[in-house]
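The primary structure of each chain is shown beneath.
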Amino acid sequence: MRAVGALVPLGLVLSCVSPDGPRFPYKPMCDQSTPCDSGEACDQGICFGNPPALTFAAELFPPPGYPELARTEIPRLDIAQDGTVSNLHFAKTVRVTGRVVLASDTRISVAATITFRRPSRIPGASDTLVTVTSLPGVDEKGIAFKVFLVPTDPTNPDDRYEITVYPAPVAYMAIGEGVERLDAQPAPLRLISSIAVEESNVTFTLGQRSDMRSIRGRVVGSLGEGLSGFEVRAIGRFLAKGPAELASSVVSTDRDGRFALGVPKNWQDQFDVLVQPKQPGQPTLVRRNVSIAELPESKVLDLGELRMPSYPAPVTVDVDLVGRSNSGGMQVVAGSFVTFRTILAESPDLVFFDSTATASTSGHITLPLIPASALGSRKYAIDVQSPPGTPHESLWAHEIEVGPSGGILEPIVLPSRAYLTGRVLEFSGTPALGMTVGAHPSLLFEKLSVASPSDRSRLASMAWPEASTDASGRFGIYLDRKLMGIPTSYDLELIPPAGSLLSRSSRDNISLESVQQANAAVDLGNVSLPDAAYSRGAVLDESGRAVPDAEVRVFVVPEDGGICDTSSAPDCKQPVKMRALTRSDETGNVLLVLPRLDFGRAFR
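Computed from a predicted model, the values in this text were never measured in an experiment.

Let us look at the overall build of the protein chain. Check the secondary structure of the protein chain and you find 4 helices and 42 strands. The buried share of the protein chain, reckoned over its 604 residues, is 49%.

Structure, rendered in structure tokens:
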């Protein structure tokens, strides 16, 4: 056990002892008179070696100015007994170039964004995603995009890139006007390919009729009149368990309300067709579960009329957000993002109206809402997402009634969040000053409690609070007891400050179920960091040259079981936890501070 300073006084910055070795600006922990623990060796004031009895994996991210390098996964780090890491090497890459063209005119390229996604070679880590922009106006002899990718294994059917080509709006302009041509407009192109086996030049063609099916219809008002200027698109899934996403061209209804879409044949055969206003104050219509399963190749699926119900003109509504203060009174709540939603019709199509606003510094919002048609009131479901780390809780599906003339509504009272606190200690028992403590919904909550794809998407878009430990090691964070109406547990990430030899750690699946009343606190007591082990290595490219300023992320390879023991998903993978994050210095060298124990393994 060694005492290490969490922060490094400037007067104690360690200089490089060996001109060929790395420069690590840390407070010395050893010298000839202060030996290291058994199995470790002192070098440059640091006790290296005696690596932990854990299995580590790593990801390397190239720095700016190295376009020929790509994100590289290292499924298992090779750490010698003396702490030397020998395989921090960027993988070989292959160059893929090409163009994106329209089937109606392949001579000149169109603007597009291309993504290359493949599963990580570290089980439980996030997918590898590479994005590149393809330029317009490039002829057959030119190159519109260039990207370097890690080669795929042609013998492994799972080791392939999922390629998606998203056409830019300028691509639509090349089609021409007229409803009879709208079904030729390009939808996003999606394919699975082992394209990166060797250097290649490819052409992606958008809008090929042989790859598409056509859907058409007419958007009308309550009296049957055509509604122009609404945007129409189809939302679908490429894989049965994949996310719902844009699967078609995006078109506008013509003067008679007509539209035509092209949807890809190689996606799942059910789509939702969305009719959305371009201007605020109008509702959105959804034709759900449109199937092309039985549609002959030469036929067009005609949806007929998609009818908007009648509704009165929007009225202006004013409302304040307030919450209880520590003294028991009320105070304004600023900065919350508020969504009002009401359902205008559910059959045969879902028609809803959304209105959003962000509360001002005085906690006030003003927004347009559609009132009831008669003298009664219309119910709205309200979501309030409070800024992360503030004392007042978010609201989910809170109901409020709006009268026919709008006006000033009763204030919306937000409940108080739970207060999670604790004291972070170094392994030696010394308070850990300046640690960043970040809270986010636990993996257990995400995997088992959040079933709806839309709720998963909403959860992924939220921001989460952070706090810093004070001189006594104490921190405090305000957290919602429920998210989207579901009781929530949290994972805490404990991140050391720059200039620290402390290890990164986490505390997982912290439940707030015991918090029943406003302003209640959950005290975790003392939260001890694991003892640290120190390793070092050089980040190199394929040719053995040093790569400075490369980002290195280190993960603990999860054991079998864990969260997957409690999940019914057949393809469940135990998620990895990051345990080190650093960058290589100007000579390509890195110092890795690794935990000897993984306290964050709450799902064993």
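Take the confidence of the model for the protein chain next. For the protein chain, per-residue confidence averages 86 on the pLDDT scale, and 88% of positions sit at 70 or higher. Within the model, the stretch residues 6-24 combines pLDDT values under 50 with 42 contacts to residues more than four positions away or in other chains. This model gives residues 170-184 a pLDDT under 50, and the stretch forms 31 contacts once residues within four places in sequence are excluded.

Turning our eyes to something else, we now look at unusual backbone geometry. For the bond running from Ser-347 to Pro-348, omega is 0°, close enough to zero to count as cis. Here Pro-348 shows up in the loop between strand 23 (337-345) and strand 24 (350-358). Positive phi, close to 55°, is recorded for Ala-397, a residue that is not glycine. Tracing the chain through its elements places Ala-397 in strand 27 (residues 395-402). Judged by relative accessible area, which is 51%, Ala-397 ranks as exposed. Even without being a glycine, Met-484 presents a positive backbone phi close to 55°. Positionally, Met-484 belongs in the loop between strand 34 (482-483) and strand 35 (486-487).

Now for the nonpolar core. Among the nonpolar cores identified, the biggest contains 50 residues, and Phe-259, Phe-340 and Ile-412 are the most heavily contacted of them. If we ignore the near neighbours within four places in the chain, the residues touching Ile-412 are Val-319, Asp-320, Leu-321, Val-322, Phe-340, Ile-382, Leu-395 and Ile-400. Formed by 27 residues, the second largest nonpolar core is a distinct cluster that contains Ala-432, Met-435, Ile-477 and Leu-483.

Our focus in this paragraph is the environment of Glu-426. For Glu-426, the location among the structural elements is in the loop between strand 30 (418-425) and strand 31 (436-441). In this structure Glu-426 comes out as buried when scored by relative accessible area, which is 5%.

Turning to the environment of Ala-260, a few remarks are in order. When you line up the elements, Ala-260 lands in strand 17 (residues 258-264). The sequence separation of Ala-260 and Ser-249 amounts to 11 residues, and the corresponding C-alpha distance is 9.1 Å.

Here we take up the sheet that holds strand 39 (residues 532-538). Here 3 strands make up an open sheet; going across it, the order is 5-39-42 and the pairing mixed. Single-partner strands in this sheet number two, and they are strand 5 (84-85) and strand 42 (589-595). Two elements, strand 39 and strand 42, share 7 bridges in a ladder whose sense is antiparallel. When the sheet's bridge partners are listed, Ala-532 is paired in strand 42 with Pro-595.

Moving on, we get to the pairing of strand 31. As paired elements, strand 31 and strand 32 (residues 466-468) share 3 bridges and run antiparallel to each other. The residue of strand 32 that forms the bridge with Val-437 is Ala-467. Across 6 bridges, the pairing between strand 31 and strand 36 (residues 489-495) is antiparallel. Looking across to strand 36, one finds that Ala-439 is bridged to Leu-492.

So, about the sheet that holds strand 33 (residues 474-479). Across a sheet, strands are paired by hydrogen bonds formed along the backbone, either parallel or antiparallel in direction. Within the open sheet, the 3 strands sit side by side as 33-30-38. Their pairing is mixed. Each end of this open sheet is capped by a strand with a single partner; those strands are strand 33 and strand 38 (521-528). Across the sheet, the mean angle separating the axes of adjacent strands is 20° when strand polarity is ignored. The pairing of strand 30 with strand 33 spans 6 bridges and is antiparallel. Bridge pairing in strand 33 links Gly-422 to Phe-475.

This brings us to the state of the cysteines. Where two cysteines share a covalent bond between their sulfur atoms, that bond is called a disulfide. A full pass over the atoms with the stated rule returns 2 disulfides. Sulfur-sulfur distance for the disulfide between Cys-30 and Cys-42 comes to 2.2 Å. Between Cys-30 and Cys-42, the disulfide has an S-S torsion of 90° and is therefore right-handed. On the criterion of sequence distance, the pair formed by Cys-30 in the segment before strand 1 (41-43) and Cys-42 in strand 1 is long-range, its members being 12 residues apart. Given the relative accessible area of 5%, Cys-30 is considered buried. Here Cys-42 falls in the partly exposed class, since its relative accessible area comes to 38%.

Let us now look at the side chain of Thr-97. With respect to the element layout, Thr-97 can be found in strand 6 (residues 94-102). Under the relative-accessibility criterion, Thr-97 is labelled buried at 3%. Thr-97 has contacts with Ile-143, Phe-145, Lys-146, Ser-200, Asn-201 and Val-202, leaving out every residue within four places of it along the chain.

Bringing the side chain of Thr-115 into the picture now. Position of Thr-115 among the secondary structure elements: in strand 7 (residues 112-118). Overall, the relative accessible area of 13% leaves Thr-115 in the buried class. Setting aside chain neighbours within four positions, we find Thr-115 in contact with Leu-129, Val-130, Thr-131, Glu-162, Ile-163, Thr-164 and Tyr-166.

Tallied over the entire structure, the rule returns 5 aromatic pairs. Ring centres of Phe-238 and Trp-267 lie 5.9 Å apart, and the angle between their planes is 70°; on these two criteria the pair is classed as edge-to-face. Of this pair, Phe-238 sits in the loop between strand 14 (231-236) and strand 15 (245-246) while Trp-267 sits in the loop between strand 17 and strand 18 (270-276); the two residues are 29 residues apart in sequence, bridging distant segments of the chain. Just above the ring of Phe-352 sits the side chain of Arg-341; from NZ or CZ to the centre is 4.0 Å.

The next subject is the pattern of salt bridges. Per the stated rule, a full pass over the model turns up 31 salt bridges. Measuring nitrogen to oxygen at the nearest pair gives 2.9 Å for the salt bridge that ties Asp-159 to Arg-121. Taken together, the residues span a long stretch of sequence, with Asp-159 in the loop between strand 9 (145-149) and strand 10 (161-167) and Arg-121 in the loop between strand 7 and strand 8 (128-134) at a distance of 38 residues. Judged by relative accessible area, which is 8%, Asp-159 ranks as buried. With relative accessibility at 32%, the residue Arg-121 sits in the partly exposed group.

About the cut-offs
Residues numbered from 1 in each chain as written. Predicted model: local features only at pLDDT ≥ 70, side-chain atom pairs only at ≥ 80, totals over all residues. Heavy atoms only, no water. Helix = DSSP H or I, 4+ residues; strand = E, 2+ residues; numbered from the N terminus. Buried < 20%, exposed > 50% of the residue type's maximum accessible area, 1.4 Å probe, protein only. pLDDT = per-residue confidence, 0-100. Contact = heavy atoms within 4.5 Å. Core = buried A, V, L, I, M, F, W, Y, C linked by side-chain atoms within 4.5 Å. Pairing = 2+ DSSP bridges. Axes fitted to C-alpha atoms, helices over the stretch in contact; angles between N-to-C directions. Disulfide = S-S within 2.5 Å. Phe/Tyr/Trp six-rings, centres within 6.5 Å; stacked < 30°, edge-to-face > 60°. Lys NZ or Arg CZ within 6 Å of the ring centre and 35° of its normal. Salt bridge = Lys/Arg side-chain N within 4 Å of Asp/Glu carboxyl O.

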